[in-house]
Amino acid sequence: MSNEYPYAERYGVLRALPEKGRPREEVLAELAEMARDEDAFWESGRCSGTMYCGDHDHYGFMTEAFGLYAHVNALQRDICPSQTRFEGEIIAMALDLFHAEAVSDAVPAGLVTSGGTASITHALLAYREAAAAGGLHRPNIIKPETAHPAFDKACHLFGIELRRAPVDPATTVVDLDWVASQIDADTIALVGSACNYGYGTIDPIEHLSELALSRGIGLHVDACLGGFILPFGEELGYPIAPFDFRLPGVTSISADTHKYGYAFKGSSTVLFRDKALRNAQYFFLTDWSGGKYCSPGMDGSRSGGLLAATWASLVSLGREGYRRYAAEIFETAYEMQAAVSSHSELRLLGRPSFLFSFTSDEFDIYHVNDFMRLRGWRFNGQQYPNALHMAVTRPQTKAGVTEAFAADLAEAVAYAKEKEASGVAPASGAIYGGVAGGMTAEADEFIKMVMAEMMDNQQAVPAE
Ligand SMILES: *Cc1c(COP(=O)(O)O)cnc(C)c1O
């Protein structure tokens, strides 16, 4: 067991606060050693998503910005007016990116949150509270099946009914007729993704916007993933239809600064067409003995470092920097897609852009994954249907990565055909692939065990 617990052999296992502190240099050296080993994995450019910037210079710059305010609590504005400047300007820059100037019927506003899930959660809370103020108490929303699980999580937390709309298997975008047929008097909002996490495809936001307007309900556009890259793709002339406040039915947008905004993890934005909707989710307790309490979102204390680093990322890159990075990423993504399409055995799902997903009608695609893993590639595994996805980020734009992808993929296809013919099941398919008939009770137990292992495994290591 001990060799399964990370670094147990190298550093031992800590089970209690050490009585005596260790020298700082020693602690830093240990941290640096692990970071160096782990960074080597994605620096190769073979890891999908997750390291959006991948540029240690940029990380170093943001670390400096973070360090200046890391100890500051953004909740206490009287002693840190800088945070009001950072937060206000992050919101303003995001609103501008999503064409808030096109809104003439309301005053647009936003919130900075701790991540995409938090942005979606705050938006749904706002819709629920606004509906409750109007006397609606059994609200529902309709999301495409492909929209992020954060919507399911928020509905679970807030007692909102979730209706899952099917997607067209060929285009992977939402079935509009189904959505229209399921709207009722308790529907508070529709959801569309720009783009979705699984396939990188964009729902027909313009049509969803018309539908939402005609039925007098909200439309949340989840641009957590695409928000800080698609607008620049549009400027570069890629075929990206508008998904923002230029469409009159779009009432809120989530966009993660901690993805293609290249900021540190722990930061995102959620923008509202109408300030009143945002304000509907405010929390305040004015008669508490501890003093008058209010917070703009669900978090209490927040690190000023994150606001400073996010602001620093945005203003140091500017539109020009984002556009340049987007150009490199789009170009790489289309080259990789061309490599996939050059194999008649492989099929791209829908019409993706910077993130693409592919499957095969001739063999289990997890055979391809098994082979690519041996070559150091890490894709995201999908199910129903089994597919692999690659979110192209800056590490893939380095010289030689697309060429290596094409060469390794060609060998992987030959390997997959051979394995399929011999009837062996792919090793990675058992974990990441779909289970015929859906999830079983054993699979549920397995997932619970995996989560516990992330937190409890130090207890399983035998003491020396
Ligand atoms: C990442 C992502 C989210 C959720 O974001 P977190 O930052 O992981 O909480 C939501 N929607 C889409 C499309 C995403 O890619």
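This is a predicted model, so every value here is computed, not measured.

Rules and cut-offs
Residues numbered from 1 in each chain as written. Predicted model: local features only at pLDDT ≥ 70, side-chain atom pairs only at ≥ 80, totals over all residues. Heavy atoms only, no water. 1 Å grid on protein atoms, 1.4 Å probe; cavity = no way out; pocket = protein on both sides within 12 Å on 5 of 7 lines; lining within 4 Å. Points joined across faces, edges and corners; volume = space filled by probe spheres on them. Nonpolar A, V, L, I, M, F, W, Y, C, P; charged D, E, K, R; others polar. Pairing = 2+ DSSP bridges. Helix = DSSP H or I, 4+ residues; strand = E, 2+ residues; numbered from the N terminus. Axes fitted to C-alpha atoms, helices over the stretch in contact; angles between N-to-C directions. Contact = heavy atoms within 4.5 Å. Near = heavy atom within 4 Å. Polar contact = N/O pair within 3.5 Å; in protein donor to acceptor, adjacent residues only side chain to side chain. Areas by Shrake-Rupley, 256 points an atom, 1.4 Å probe, with all protein chains shown as cover.

A. Up close: empty space enclosed by the protein. Evaluation of the coordinates by the stated rule reveals 1 cavity of 30 Å³ or more. Taken as a whole, the largest cavity spans an internal volume of roughly 70 Å³. Around the largest cavity, the lining residues are Thr146, Ala147, His148, Ser193, Cys195, Asn196, Tyr197, Asp222, Cys224, Leu225 and Lys259. Of the residues assigned to the lining of the largest cavity, the class counts are 5 nonpolar, 4 polar and 2 charged.

B. Structural detail: the sheet that holds strand β12 (residues 380-382). Spatial strand order, β10-β11-β13-β12: 4 strands in an open sheet with antiparallel pairing. If you trace the sheet from one side to the other, it starts and ends with β10 (346-348) and β12, each paired once. Adjacent strand axes in the sheet meet at a mean angle of 30 degrees when their direction is disregarded. As judged from the 3 bridges shared by β12 and strand β13 (residues 387-391), these two strands associate in the antiparallel manner. Each bridged residue has a counterpart across the sheet, and for Gly381 the counterpart in β13 is Leu388. Sheet strands in contact with helix α11 (residues 304-341) are β10, β11 (355-360) and β13, and its direction is about 5 degrees off that of β11.

C. Seen up close, the layout of surface pockets. In this structure, the largest pocket occupies an estimated 1,800 Å³ of space. The wall of the largest pocket is formed by 39 residues, among which Gly381, Gln382, Gln383, Tyr432 and Ile447 lie closest to the centre. Where the lining of the largest pocket is concerned, the elements lending two or more residues are α6 (149-158), α12 (365-374), β12, α14 (429-432) and α15 (441-456). Looking at which element gives the most residues to the lining of the largest pocket, the answer is α15, with 8 residues. Of the residues contributing to the lining of the largest pocket, the split by class is 19 nonpolar, 11 polar and 9 charged. Here the second largest pocket is characterised by a volume of approximately 490 Å³. Top element by residues in the lining of the second largest pocket is helix α8 (residues 205-215). It accounts for 3 residues.

D. Quick look at the site of the ligand. Of all residues adjacent to the ligand, which total 13 residues, the nearest are Gly116, Thr117, Asp222, His258 and Lys259. Measuring from an oxygen atom of the ligand, one finds a side-chain N or O atom of Asp256 at 3.4 Å. In the environment of the ligand, an oxygen atom lies 2.7 Å from a nitrogen or oxygen atom belonging to the side chain of His258. In isolation the ligand exposes 380 Å². Once the protein is present, 85% of that is buried. When the residues that make up the shell around the ligand are grouped by side-chain class, the tally is 5 nonpolar, 5 polar and 3 charged.

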